[in-house]
Amino acid sequence: MNLNKYNQIYQEISSDISGGKYKKDDVLPSEHRLVETFDVSRETVRKALNLLQENGFIQKMKGKGSVVIYNPSMDFTVSHLTSFKEIQQLKTKQYSTAVVELKRYPAEQFPKVMVALDLAPEDKVWQLIRQRKYEGKTHIVDMDYFTVDMMPGLSIQVAEDSIYEYIEKKLGLTIAYSHKEITFDAMTEHEIELFDHNDLSYVATVRSVVHLNDARPFQYNISKHLASEFKFVDFSRRFHGD
């Protein structure tokens, strides 16, 4: 392990929890066992456990240890940076993905994207539109914009599988964080066509700008959900002063 050892321990244990190795109400191995497993100091283990608690994975209980409180049955989370494929692996309601469009455009055609991704007007961006379908009906429409310079080999096959997996495993880049906002908007005519089965006039829209670990913005995402089915799920913890 290199610098940020406690963060690496956090990443590994949080992945084990979200992946189902540890289930709700399970107790994590003791601090002593974690010290031996990761070959680190007790202070490093405690920092990792504190981070797990702050982010809603565990609750440290006196006389019992670190109890898992994470509930994987939640709907689509907007508080964690997770690919659609990763979310699918945790849910019983399975969606299929249909790529509607994958084309290159000058960034100047999308002013908000150009600003968000810090691009020049002549820079090229991918516009990717995907329908997320359940039982043949569209429930979510994702509109994504990526910088072509970073991903010249983006393909429909990658878009149907997992772009984040492609970025991290094929390109060797690290996706770090995003800024998100949620609004409820009237459907445009194009969106009514994309949601091909529904006569609702509003959608819940999650807009996000995603950054690599060197702080470069590389993705502008607009995720449209049927307002009648959208549920915001988050974890909140009250922090008390000394």
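Residues numbered from 1 in each chain as written. Predicted model: local features only at pLDDT ≥ 70, side-chain atom pairs only at ≥ 80, totals over all residues. Heavy atoms only, no water.

The name an unreviewed UniProt entry assigns to the chain is Trehalose operon repressor, from the organism Salinicoccus halodurans.

A. Examining the packing of aromatic side chains more closely. Overall, the coordinates contain 6 aromatic pairs when judged by the stated rule. Here the aromatic rings of Tyr105 and Phe110 are separated by 5.5 Å at their centres, their planes lie at 90°, and the arrangement is edge-to-face. Summarising the aromatic geometry, the rings of Phe110 and Tyr145 are spaced 4.8 Å apart at their centres and angled 55° between planes, so their arrangement reads as tilted. Here Phe110, found in the loop between β3 (96–106) and α5 (111–116), pairs with Tyr145, found in strand β5 (residues 137–147); they are 35 residues apart in sequence, far enough to count as distant. There is no split in this pair, since Phe110 and Tyr145 are both buried. The structure contains a cluster of three or more aromatic residues connected by ring pairs, namely Tyr105, Phe110, Tyr145 and Tyr220. (Phe/Tyr/Trp six-rings, centres within 6.5 Å; stacked < 30°, edge-to-face > 60°. Helix = DSSP H or I, 4+ residues; strand = E, 2+ residues; numbered from the N terminus. Buried < 20%, exposed > 50% of the residue type's maximum accessible area, 1.4 Å probe, protein only.)

B. Up close: the nonpolar core. Met143, Tyr145 and Tyr220 are the most contacted members of the largest nonpolar core, which totals 20 residues. Among the elements of the structure, α5, β4 (124–134), β5, β7 (202–212) and β8 (217–226) are those that each provide at least two residues to this core. Dropping the residues within four chain positions of it, Tyr220 is found in contact with Lys112, Val113, Ala116, Leu117, Met143, Asp144, Tyr145, Arg207, Ser208 and Val209. Residues Ile9, Val45, Ala48 and Leu49 belong to the second largest nonpolar core, which totals 19 residues. (Core = buried A, V, L, I, M, F, W, Y, C linked by side-chain atoms within 4.5 Å. Contact = heavy atoms within 4.5 Å.)

C. Summary view of unusual backbone geometry. The phi angle at Asp25 is positive, at roughly 80°, despite the residue not being glycine. With respect to the helices, strands and loops of the structure, Asp25 is situated in the loop between α1 (5–18) and α2 (31–38). Relative accessible area serves as the criterion here: at 53%, Asp25 is assigned to the exposed category. Positive phi, normally seen in glycine, also occurs at Ala215, with a value near 80°. Among the structural elements, Ala215 can be located in the loop between β7 and β8.

D. Here's a closer look at the pattern of salt bridges. Within this structure, the stated rule accounts for 9 salt bridges. The shortest N-O distance in the salt bridge between Glu31 and Arg46 comes to 2.9 Å. With Glu31 in helix α2 and Arg46 in helix α3 (residues 42–54), this pair connects stretches of sequence that are 15 residues apart. The exposure class of Arg46 is partly exposed, given its relative accessible area of 42%. Taking the shortest distance from any N to any O, the salt bridge between Lys224 and Glu191 comes out at 3.1 Å. Of this pair, Lys224 sits in strand β8 while Glu191 sits in helix α8 (residues 189–194); the two residues are 33 residues apart in sequence, bridging distant segments of the chain. Among the charged side chains, a salt-bridge network with shared partners connects Glu31, Arg42 and Arg46. (Salt bridge = Lys/Arg side-chain N within 4 Å of Asp/Glu carboxyl O.)

E. A look at the packing of α2 against α3. Two numbers describe how α2 lies on α3: the axes approach to 9 Å, and their chain directions differ by 110°. Put simply, α2 runs roughly perpendicular to α3. The segment α2 lies against α3, with Glu31, His32, Leu34 and Val35 engaging Arg42, Val45, Arg46 and Leu49. (Axes fitted to C-alpha atoms, helices over the stretch in contact; angles between N-to-C directions. Parallel < 35°, antiparallel > 145°, perpendicular 65-115°, else oblique.)

F. Local environment of α1. For α1, with 14 residues, the first-to-last C-alpha span of 20 Å sits near the 20 Å given by 1.5 Å per residue. Every buried residue belonging to α1 is among Ile9, Tyr10, Ile13, Ser14 and Ile17, and all of these are buried. End-on view of α1: buried residues confined to an arc of 125°, all on one side of the axis. Packing partners of the buried residues in α1 comprise α2, α3, β1 (58–61) and β2 (65–68). (Expected span 1.5 Å × (residues − 1). Arc of directions from axis to C-beta.)

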